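# Close look at the chain arrangement
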Amino acid sequence: QVQLVESGGGLVQAGGSLRLSCASSGRTLSRYAMAWFRQAPGKEREFVAVIDRSGAMTYYADSVKGRFTISRDNAKNTVYLQMNSLNAEDTAVYYCAAGTAPVVTVNWYDYWGQGTQVTVSS
């Protein structure tokens, strides 16, 4: 099984930065495409970023393109989301997900972390 744990969330001022981490204590993450999704209260869970198994390909939602960077360190079995220039609209619970293909749809991912709260003050 894949056991994913997100960390690094917190409260930041608008314009600030955070780096989220997603670590696995189960199967090696190199077997999976990895993605970040987020969900704000009353809204659907939405795609943020995805990275393929090797890290050679990344893709971002338009809302975060140029501000967020997804990366992975397969030797550490960890995936990261660097978030810069944060604004209030980025406030959400951020979830790490693992799947067999680097797609943008929620229901294609097999494993999910518990989520970490990111709150950006306006």
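It should be noted that the structure appears before, not after, this text.
Residues numbered from 1 in each chain as written. Predicted model: local features only at pLDDT ≥ 70, side-chain atom pairs only at ≥ 80, totals over all residues. Heavy atoms only, no water.

## As for the overall build of the protein
Secondary structure summary: the protein contains 0 helices and 11 strands in total. For the protein, the α and β elements follow one another from N to C terminus as β-β-β-β-β-β-β-β-β-β-β. A compact globule built from 122 residues should have a C-alpha radius of gyration of about 14 Å, and the protein, at 13 Å, falls within 12% of that. Counting only C-alpha atoms, the protein reaches 40 × 25 × 25 Å along its principal axes. Every one of the 122 residues in the protein was classed for burial, and the buried ones make up 42%. (Helix = DSSP H or I, 4+ residues; strand = E, 2+ residues; numbered from the N terminus. Rg over C-alpha atoms; globule rule 2.2 N^0.38 Å. Buried < 20%, exposed > 50% of the residue type's maximum accessible area, 1.4 Å probe, protein only.)

## Some details on the state of the cysteines
If you walk through the whole model with that rule in mind, you get 1 disulfide. In this model C22 forms its disulfide with C96; the gap between the sulfur atoms is 2.0 Å. Every disulfide takes its handedness from the sign of the S-S torsion; for C22 and C96 that torsion is -80°, giving left-handed. Pair noted here: C22 is in strand β3 (residues 18-24) and C96 is in strand β9 (residues 92-99), with a separation of 74 residues, a long-range link. Of the residues examined, C22 reaches a relative accessible area of 0% and is grouped as buried. (Disulfide = S-S within 2.5 Å.)

## Some remarks on the packing of aromatic side chains
Each aromatic ring pair is summarised here by two numbers: the centre-to-centre distance and the angle between the ring planes. What the rule picks out here adds up to 7 aromatic pairs. When the centroid spacing of 6.5 Å and the interplanar angle of 80° are considered together, the rings of Y95 and W112 count as edge-to-face. Of this pair, Y95 sits in strand β9 while W112 is found in strand β10 (residues 109-112), placing the two residues 17 residues apart along the sequence. Given a relative accessible area of 26%, W112 falls into the partly exposed group. The interplanar angle of 70° and the centroid separation of 6.4 Å between the aromatic rings of Y109 and W112 together place this pair among those described as edge-to-face. Among the aromatic side chains, those forming a connected cluster through ring pairs are F37, F47, Y59, Y95, Y109 and W112. (Phe/Tyr/Trp six-rings, centres within 6.5 Å; stacked < 30°, edge-to-face > 60°.)

## Observations concerning the sheet that holds strand β1 (residues 4-7)
Reading across from one edge, β1-β3-β8-β7 is the order of the 4 strands in this open sheet, with antiparallel pairing throughout. The sheet is open, and its two edges are formed by β1 and β7 (68-73), each paired on a single side. Adjacent strand axes in the sheet meet at a mean angle of 15° when their direction is disregarded. In terms of strand pairing, β3 meets strand β8 (residues 78-83) through 6 bridges, oriented antiparallel. Paired with R19 across the strands is Q82, a residue of β8. (Pairing = 2+ DSSP bridges. Axes fitted to C-alpha atoms, helices over the stretch in contact; angles between N-to-C directions.)

## Describing the pairing of β8
Along β8, 5 of the 6 residues are buried, which leaves the element largely enclosed by surrounding structure. Sheet topology note: the β7/β8 ladder contains 6 bridges and is antiparallel. Bridged to T69 within β8 is Q82. In this structure, the hairpin formed by β7 and β8 is closed by a connection of 4 residues, where N77 is found at a positive phi of approximately 55°.

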